[in-house]
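Residues per chain are reported as follows:
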Amino acid sequence: MLLWLCRFTCLLLALVFSQQSYAIEQPLAEQLLQRSIVVPQVQYQITAVELSAEELVRDRALFHQFNDLPAGKATLRVTAQQALWLLVQLNNPFPETWQAWLHYPFLPADRLSFYQLQPEIPSAQLLGKTGSLLPYSERALPVRGYVQSISLEANGSATLLLKIQDASLLGTELRLASLPILLAEAQQQLLEDALLSGVLLLLVLTTLYCSWLQRNTALCFLAGFYLSFALVLGILNGLAFNQLWPVYPELNPVILYIAVGSCLLCLTLFSRRSLLQYAGSRARQLNMLAAAAALLLIFSPLFASGPLKLQLLFVSVSVTLSIVIIQAIYISLTTELKAAPRYALQATLGTFCLLFVQTRYLSGFAEWLNLAIFLLLVSSALLLQPARSQHLN
């Protein structure tokens, strides 16, 4: 019954993901009545974090060092001693006053400050502050990302300046929307995120149920992977911050690395328990190396800074997943064991999808990556057959 419930949820999720909207050439006003739009012609500059907005605006030589953001540049790397400034001009396409909302969707940003420029003075008026290091209740709207309202006069314009701080990667995308459109898109995204999380939790229960029926301890580690995967997904989409620790923002900079490390550790233990009994000592040594890399990532918040933690994240994920992929393919080709390698490969591909979404290296394919995660979960649910004696070991 639990397995069929999981499959039904997967089919429901497929219907949600199938509702895709595609942009067509329309006047700006018509586009804003239907969806949020990406703000064009964003300019950027990276300075020392101590520089204030007033100092930047009044130093004309420094202010003119803004450069156009390269096409396809979804992320920029900064350090804890640097700040990213984004400069945009917003135009009101409507014949009446418009309360616009500027949306910065990159959740990992530590601190954001929104300023409206007064070029004739010159000065920068602070509109609001937000970020992952501030409590969730201080956000202007409960949406994924960070928003700021701007009042635009009829057919008028405004110049906005954003100061963004982090210790690793920062996104560069800005979106513009009306409040009803922004809330509607947030509700749609929340539905997709909640369904994905629900499917993962159902997979945890189903896997534990199969483990009990088959007396197979390897599946317990697979259930641990799915549970850690759900936590990583909740961190990336903001549900975990909203529901689990809304008044403890200091957890945000560290919990992602712990959760990803737990994913990798459970994956290596599953591989060791279900695959490596068919392999030699060399394979077990590689598995121990992967487990050590996962443990290093779990404890990285205790000794590593922002850039070092990010490097450890990439190194640990690359080392662990490469080892698991190679071992799963090799054992699948050289033995009659099929189910366990499939689980290992699916878990590996799912982790890669989350990593790509997090770093925005494939931001143009974010919707397809979410769909890829969903298809991997459906495959996992279909492979779990508690009624049959399909032992992974």
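What counts and how
Residues numbered from 1 in each chain as written. Predicted model: local features only at pLDDT ≥ 70, side-chain atom pairs only at ≥ 80, totals over all residues. Heavy atoms only, no water. UniProt positions renumbered as here; feature names shortened; annotations may be inferred. Helix = DSSP H or I, 4+ residues; strand = E, 2+ residues; numbered from the N terminus. Buried < 20%, exposed > 50% of the residue type's maximum accessible area, 1.4 Å probe, protein only. Contact = heavy atoms within 4.5 Å. Patch = residues over 30% accessible without salt bridge, like charges linked within 9 Å, V, L, I, M, F, W, Y side chains within 5 Å. Areas by Shrake-Rupley, 256 points an atom, 1.4 Å probe, with all protein chains shown as cover. Salt bridge = Lys/Arg side-chain N within 4 Å of Asp/Glu carboxyl O. Phe/Tyr/Trp six-rings, centres within 6.5 Å; stacked < 30°, edge-to-face > 60°. Axes fitted to C-alpha atoms, helices over the stretch in contact; angles between N-to-C directions. Parallel < 35°, antiparallel > 145°, perpendicular 65-115°, else oblique. Left-handed = near helix turned anticlockwise from the far one by under 90°.

### Considering the UniProt feature "transmembrane region" (unreviewed entry) in the protein chain
Mapped onto the present numbering, the UniProt feature "transmembrane region" (unreviewed entry) falls at residues 194-212, 219-242, 254-274, 286-304, 310-331 and 368-384. Spanning residues 194-212, this segment combines 100% helix with 0% strand, and its end C-alpha atoms are found 27 Å apart. Helix makes up 68% of residues 286-304 and strand 0%, and the two end C-alpha atoms of the span are 24 Å apart.

### Remarks on the environment of Leu33
Relative to the elements of secondary structure, Leu33 occurs in the loop between α2 (28-32) and β1 (37-38). The class for Leu33 is exposed, based on a relative accessible area of 60%. Linking Leu33 and Ser178, residues 145 residues apart in sequence, is a C-alpha distance of 7.5 Å. Among residues more than four places away in sequence, those in contact with Leu33 are Phe94 and Ile181.

### Section: a nonpolar patch on the surface
Side chains of Leu295, Leu296, Phe299, Leu302, Phe303 and Leu308 sit close together on the surface and give an oily, nonpolar patch of about 600 Å² of accessible area. Topologically, Leu296 is positioned in helix α9 (residues 281-298).

### Some words on the packing of aromatic side chains
Counting across every chain of the model gives 7 aromatic pairs. Considering the side-chain rings of Phe94 and Trp98, the 5.2 Å spacing of their centres and the 70° angle between planes classify their relative orientation as edge-to-face. The two residues Phe94 and Trp98 agree in class, both being buried. Ring-pair connections join several aromatic residues into one group, and the members of that group are Phe225, Tyr226 and Phe229.

### Quick notes on the packing of helix α8 (residues 252-274) against α9
For any two helices packed against each other, one specifies the crossing angle of their axes together with the interaxial distance. Running from N to C, α8 and α9 cross one another at 165°; their axes reach a closest spacing of 7 Å. When the axes of α8 and α9 are compared, the pair comes out roughly antiparallel. Relative to α9, α8 is oriented so that their crossing is left-handed. On α9, the residues touching Tyr257, Ile258, Val260, Gly261, Ser262, Leu264, Leu265, Thr268, Ser271 and Arg272 of α8 are Arg284, Asn287, Met288, Ala290, Ala291, Ala294, Leu295, Leu297 and Ile298.

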